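Below, each chain spelled out in residue letters.
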Amino acid sequence: MSIPREERRDGQPGAGDGRPGAGEGQLGRPAEPLLVLDTATQEALVALARRDGRVRAVTSWTAGFRHGEELLARLDALLRAEAVDLATVAGIVVGTGPGAFTGLRVGLATAKGLAHGLGRPIVGISTGAALLEAARTAGASGPLALLLPAGPSDRVLVTRDPSGSPGAATARRLAGDEDAALPAGTTIVAVDLAGRTTPEALALGAAARTGLAAALARLGAERLANGDADDPAGLVPEYVTLPRGVVRAGGQVTMERV
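Residues numbered from 1 in each chain as written. Predicted model: local features only at pLDDT ≥ 70, side-chain atom pairs only at ≥ 80, totals over all residues. Heavy atoms only, no water.

1. Some words on the pairing of strand E9 (residues 154-159)
Counting buried positions along E9 yields 5 of 6 residues, so the element is predominantly enclosed. Following strand E8 (residues 144-150), the chain reverses through 3 residues before pairing antiparallel with E9; Gly151 in that reversal takes a positive phi of roughly 85°. (Buried < 20%, exposed > 50% of the residue type's maximum accessible area, 1.4 Å probe, protein only. Helix = DSSP H or I, 4+ residues; strand = E, 2+ residues; numbered from the N terminus. Pairing = 2+ DSSP bridges.)

Pasting the structure below:
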């Protein structure tokens, strides 16, 4: 397999660095890692995390429209770099969006296929909720709202429901320049919206994306530790846009007659 060159970032303080003993469990044996995938934004990521949610290693890249060609190769490269056998993965955490059709479809299908093939539990975490969690970890305070692109002119507004689970969020599409109508004092976190929002919102979005893998791992590990895995058959992505000729029906994607 041809392995593309990748950007690799270590995880949080204390994460494994590839040296002997890094990431080991009891009795010196390697701890079973969690596999984390997200393909909801323009920058896809694959990470390995400890069972407590601490990131061991993460690689990210600008995916464009090449998720199908690159995702498994990037995963293979990360496993090789960390000397991890895929069969030892203890569980899978995958970002469910909101995001574009192509990236999310590839990411969710890959995660489900691995979970089925390995016989491991899978947990879907809202990418939007994880980005908001990462923004708060990066220092943002007060009410937060996330803006993501939905095509060339629309946006998606993501907010956390205080009464909901930590890995869930509410998303609403904003048409064109529609006002988000947020409470006073709300801080905007913007991802993939260069030229369409303020520099402050983009800077906070960049910080949130840097911490996305850690947030997904932390939220996913908490659910897995509580035995709260998802049924792969019922785990669906949250698309912000669908390709031409595809419509949403009953929570599933179906092809429209043309």
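Still more ground to cover, so stick around.
2. Examining unusual backbone geometry
Cis rather than trans, the peptide bond between Gly97 and Pro98 has omega equal to 10°. Backbone geometry at Asp192 places phi at a positive 60°, although glycine is not the residue there. Residue position: Asp192 is located in the loop between strand E11 (187-190) and helix H4 (199-210). Here Asp192 falls in the buried class, since its relative accessible area comes to 17%.

3. Quick look at the nonpolar core
In this structure, Val36 and Leu146 are the most contacted members of the largest nonpolar core, which totals 37 residues. With 9 residues, the single largest contributor to this core is helix H5 (residues 212-225). Discounting residues that sit within four places of it in the chain, Leu146 has contacts with Gly128, Leu131, Leu132, Val156, Leu157, Val158, Val189 and Val191. (Core = buried A, V, L, I, M, F, W, Y, C linked by side-chain atoms within 4.5 Å. Contact = heavy atoms within 4.5 Å.)

4. Topic: the environment of Glu82
Relative to the assigned elements, Glu82 resides in the loop between helix H1 (67-81) and strand E5 (91-95). In this structure Glu82 comes out as buried when scored by relative accessible area, which is 5%. Remark: the alpha-carbon pair of Glu82 and Arg56, spanning 26 residues in sequence, is separated by 8.9 Å.

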